[in-house]
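Single-letter residue listing:
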Amino acid sequence: MKEEVNVLFKEEQLMSKIREIADQINRDYEGKEVYLLCILKGSVYFTCELSKYIKVPVKLGFLSVSSYGDGMTSSGAVELSNDVDLDVKGKNVIVVEDIVDSGRTLAFLLHMLAKRKPESLRLCTLLDKPGSRVTEVAVDYVGFEVPDVFVVGFGMDYAQKYRNLPYIGELVFKEGK
């Protein structure tokens, strides 16, 4: 089968929305420090761009958690393969995710982080797919809502491909070579 990517959000749209989210974070955390917790690997592009527009002091942390593997649907089993390297106790933590889909992974992660007693714990996502939600999670900062399609680009992948696209598109499969 042939893979094709149909553009959903152009690079300019992404950058504009990221600046809007950063402006809201700046207002919400004025005079405070924030700890952006990037969920690897898909959120790297979003986190880096977002951090450039945040004016309050920022610390970055990285964590690897997944329920997809190389597939196109969540397996339902959440796997934490790399825990956060900084203590979140007493910190204003913003978990930065590329897409909120089923909600399973983030519900697991937010529950785990809440036990570590941060000052505040919020969720920021570039894309939200509420039609796919199996487990409810509260999303504090949302870039775009998307329909129930498989998206790639701007850090998001299919079997480790397409992360480097500067836009976000729907991955579709066509018959043929």
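Above this note sits the structure.
The following refers to the structure shown. Everything numeric in this text was worked out from a predicted model, so none of it was measured. (Residues numbered from 1 in each chain as written. Predicted model: local features only at pLDDT ≥ 70, side-chain atom pairs only at ≥ 80, totals over all residues. Heavy atoms only, no water.)

### Things to note about the overall build of the chain
Here's step 1: Helix and strand counts for the chain come out as three helices and nine strands.
Here's step 2: In the chain, which comprises 177 residues, the share counted as buried stands at 47%.
Here's step 3: Contacts in the chain between residues at least 24 apart in sequence constitute 69% of all its contacts with a sequence separation of at least 6.
Here's step 4: Carbon and sulfur atoms make up 48% of the accessible area of the chain, which amounts to about 8,900 Å² in all. (Helix = DSSP H or I, 4+ residues; strand = E, 2+ residues; numbered from the N terminus. Buried < 20%, exposed > 50% of the residue type's maximum accessible area, 1.4 Å probe, protein only. Contact = heavy atoms within 4.5 Å. Areas by Shrake-Rupley, 256 points an atom, 1.4 Å probe, with all protein chains shown as cover.)

### Some details on the nonpolar core
For soluble globular proteins, the rule of thumb is that nonpolar side chains tend to be buried together.
Here's step 1: Core analysis: the biggest nonpolar cluster contains 28 residues, and F46, L50, L127 and I168 have the highest contact counts within it.
Here's step 2: Of all the elements in the fold, those that place two or more residues in this core are α1 (11-28), β2 (34-40), α2 (44-53), β5 (92-100), β6 (120-128) and β7 (141-145).
Here's step 3: In terms of residue count, the dominant contributor to this core is α1 (six residues).
Here's step 4: The residues touching L127, leaving out its near neighbours within four places in the chain, are F9, D98, I99, V100, F144, V146, V151, M156 and I168.
Here's step 5: Listed in part, the 16 residues of the second largest apolar core include V88, L106, L123 and V137. (Core = buried A, V, L, I, M, F, W, Y, C linked by side-chain atoms within 4.5 Å.)

### Things to note about α1
Here's step 1: Here α1 contains 18 residues, and its C-alpha end-to-end distance of 26 Å stays within 8% of the 26 Å for a straight helix at 1.5 Å per residue.
Here's step 2: Of the residues making up α1, those classed as buried are L14, M15, K17, I18, I21, A22, I25 and N26.
Here's step 3: Buried positions along α1 lie against β1 (2-9), α2, β5, β6, β7 and β9 (168-174). (Expected span 1.5 Å × (residues − 1).)

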